[in-house]
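A closer look at the structure
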Amino acid sequence: MSKIPFFSKLVFCILLLLVLIALHIIPLPILETLILYVMIFRPPWFKNLVDQLYDR
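Description of the structure in this document. (Residues numbered from 1 in each chain as written. Predicted model: local features only at pLDDT ≥ 70, side-chain atom pairs only at ≥ 80, totals over all residues. Heavy atoms only, no water.)

**Some thoughts on a nonpolar patch on the surface**
What counts here: Each patch is built from residues lacking any salt bridge and having more than 30% relative accessible area; the joining distance is 9 Å for like charges and 5 Å for nonpolar side chains (Val, Leu, Ile, Met, Phe, Trp, Tyr). All accessible-area figures derive from a Shrake-Rupley calculation using a 1.4 Å probe, and residue coverage is judged against the displayed protein chains alone. When a carboxyl oxygen of Asp or Glu lies within 4 Å of a side-chain nitrogen of Lys or Arg, that pair is called a salt bridge. Numbered from the N terminus, helices here are DSSP runs of H or I no shorter than four residues, and strands are runs of E no shorter than two. Partly exposed describes any residue whose relative accessible area lies between the buried limit of under 20% and the exposed limit of over 50%, with all areas from a 1.4 Å probe on protein chains only and scaled to the type maximum.
Together, L34, I35, L36, Y37, M39, I40, F41, W45 and F46 give the surface a local cluster of nonpolar side chains, amounting to about 930 Å² of exposed area. Elements supplying a minimum of two residues to the nonpolar patch: α2 (30-41) and α3 (44-55). Top contributing element to the nonpolar patch by residue count: α2, with 7 residues. Residue placement: I40 occurs in helix α2. When its relative accessible area of 52% is taken as the criterion, I40 is described as exposed.

The following block contains the structure:
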């Protein structure tokens, strides 16, 4: 797995969250569905992302 600088990964996560918040204004439960998916299935990509963000 390639090493992506911490700052660029953090900026990407912030931008993604802002997009999800903007989509939340539209009456579509996108953010809730994503959170539910992460809580139920516990995908490895989410744990890796959190580990990389808090590893620093």
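**Points about the layout of surface pockets**
Keep this limit in mind: The method works on a 1 Å grid over the protein atoms by themselves. A cavity is a set of points holding a 1.4 Å probe that cannot get out, a pocket is an open set with protein on both sides within 12 Å along at least five of seven lines, and residues with an atom within 4 Å of a point line them. Grid points are joined across faces, edges and corners, and a volume is the space filled by probe spheres set on the points. Amino acids outside the nonpolar list (Ala, Val, Leu, Ile, Met, Phe, Trp, Tyr, Cys, Pro) and the charged list (Asp, Glu, Lys, Arg) are all regarded as polar, and Gly is one of them.
Here the largest pocket is characterised by a volume of approximately 340 Å³. Considering the residues around the largest pocket, the lining is formed by 15 residues, among which L16, L17, L34, F46 and L49 are closest to the centre. Elements supplying a minimum of two residues to the lining of the largest pocket: α1 (6-25), α2 and α3. With 6 residues, the top contributor of residues to the lining of the largest pocket is α3. Grouping the constituent residues of the lining of the largest pocket by class yields 15 nonpolar, no polar and no charged.

**Section: α1**
Quick note on the threshold: To estimate the expected span of a helix, subtract one from its residue number and multiply by 1.5 Å. Note that the arc is defined by the directions from the helix axis to the C-beta atoms. A contact between two residues is defined here by any heavy atoms of the two lying within 4.5 Å.
In a regular helix each residue adds 1.5 Å, so 20 residues correspond to 28 Å; α1 covers 29 Å between its end C-alpha atoms and thus fits that length. All of the buried residues along α1 are K9, C13 and L20. For α1, the buried positions fall inside an angular range of 40° around the axis, keeping them on one side. Those residues of α1 that are exposed and aimed more than 90 degrees away from the buried face are F7 and I25. Of the surrounding elements, those touching the buried residues of α1 are α2 and α3.

**What about the environment of H24?**
Tracing the backbone through its elements, the reader meets H24 in helix α1. Accessibility expressed as a relative area gives 39% for H24, which makes it partly exposed. Distance from H24 to C13, taken between C-alpha atoms, is 16 Å for residues 11 residues apart in sequence. Setting aside residues up to four positions removed in sequence, H24 forms contacts with L31 and E32.

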